[in-house]
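What follows is each chain in one-letter form.
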Amino acid sequence: MNRRRLALAGVAVVAAATGAGVAWRRRLAPEASAPADWWTLRFERPEGGTLALDAFRGRPLLVNFWATWCPPCVKEMPLLDGFHRGQAAGQGWQVVGLAVDQRAPVQTFLAQHPVTFPIGLVGMDGIELAQRLGNRGGGLPFSALFDRHGVAMQRKLGALEPDDLARWAQLPA
């Protein structure tokens, strides 16, 4: 009888873990492609001018939502810049940072910590846009990876790690 209870307890633990995993994936599992208006979106750039997402159409794209007031966001910026300069440039990937922030703090941050990938200013509207891409909780940092057809291939809520980017770089673009 004890073995049977132990086996049932084991099955219950596996079922609970599976259910939690499914719930977590649903939290970050939106539609299979970018929103219908995705490629028409335009954002002001911190240095002036406009960042138009349609300029990246037809190329694999890593979009990172970040803010200067978000410590994990700030920590991952050099990692994203390294990916952009290395893997991105060599394999056609493009990295875009969308700052959920105001112009002045972003300008100050970028003056002290320049990056080679384009940055757009989305302000607090960026939270809603990130939610449309699958970040239902609206947390930062949040990254979404799209193939050249605009199909969302990967998403991550929380700071990216080198292993994440190495794995993503191996995906077919």
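Our subject in this report is the structure included herewith. (Residues numbered from 1 in each chain as written. Predicted model: local features only at pLDDT ≥ 70, side-chain atom pairs only at ≥ 80, totals over all residues. Heavy atoms only, no water.)

By size, the foremost hydrophobic cluster in this structure holds 47 residues, and its most contacted members are Trp38, Phe65 and Leu98. Among the elements that take part in this core, strand E3 (residues 61–66) stands out by supplying 5 residues, more than any other. Not counting chain neighbours up to four residues away, the residues in contact with Trp38 comprise Leu53, Leu61, Val63, Leu129, Leu133 and Phe146. (Core = buried A, V, L, I, M, F, W, Y, C linked by side-chain atoms within 4.5 Å. Buried < 20%, exposed > 50% of the residue type's maximum accessible area, 1.4 Å probe, protein only. Helix = DSSP H or I, 4+ residues; strand = E, 2+ residues; numbered from the N terminus. Contact = heavy atoms within 4.5 Å.)

Right, let's talk about the pattern of salt bridges for a bit. What the rule picks out here adds up to 6 salt bridges. A salt bridge links Arg85 to Asp81; the nearest nitrogen and oxygen atoms lie 3.1 Å apart. Placement of both Arg85 and Asp81 in helix H2 (residues 71–91) is noted, with a separation of 4 residues, approximately one turn of the helix. Taken together, the salt bridges that share partners define one network made up of Lys156, Asp164 and Arg167. (Salt bridge = Lys/Arg side-chain N within 4 Å of Asp/Glu carboxyl O.)

Along the chain, the position of Arg42 falls in strand E1 (residues 42–44). Taking C-alpha positions, Arg42 is 4.4 Å from Ala52, a pair spaced 10 residues apart along the chain. If near-sequence neighbours (up to four positions away) are discounted, Arg42 is found in contact with Thr50, Leu51 and Ala52.

A separate point is the packing of aromatic side chains. Per the stated rule, a full pass over the model turns up 5 aromatic pairs. Judged by centre distance (5.3 Å) and plane angle (35 degrees), the ring pair of Trp38 and Phe146 falls under tilted. Remark: Phe146 occurs in strand E6 (residues 142–146) and Trp38 occurs in the loop between helix H1 (2–27) and E1; sequence separation between them is 108 residues. Overall, Trp38 belongs to the buried group, its relative accessible area being 0%. Judged by its relative accessible area of 1%, Phe146 falls in the buried class. Here Trp66 and Phe109 contribute two aromatic rings whose centre-to-centre distance is 5.3 Å and whose plane-to-plane angle is 50 degrees, an arrangement assigned as tilted. (Phe/Tyr/Trp six-rings, centres within 6.5 Å; stacked < 30°, edge-to-face > 60°.)

The next thing to look at is the pairing of E3. For E3, the buried fraction is high: 6 of the 6 residues fall into the buried class. Residues Leu61, Val63 and Phe65 point to one face of E3 and Leu62, Asn64 and Trp66 to the other, with burial holding for every one of them. Two strands pair when backbone bridges link them, and E3 and strand E4 (residues 94–99) are joined in this way by 6 bridges, in the parallel orientation. Residue pairing in the sheet places Phe65 in a bridge with Leu98 of E4. (Pairing = 2+ DSSP bridges.)

The subject of this paragraph is helix H4 (residues 125–132). Those residues of H4 not exposed but buried are Gly126, Ile127, Leu129 and Ala130. For H4, the angular spread of buried residues about the axis comes to 165 degrees, placing them on one side. Residues of H4 that are exposed and point more than 90 degrees away from the buried face comprise Asp125 and Glu128. In this fold, the buried residues of H4 make contact with E1, E3, E4 and E6. The first or second residue beyond H4 is Gly134, which carries a positive phi of 120 degrees. (Arc of directions from axis to C-beta.)

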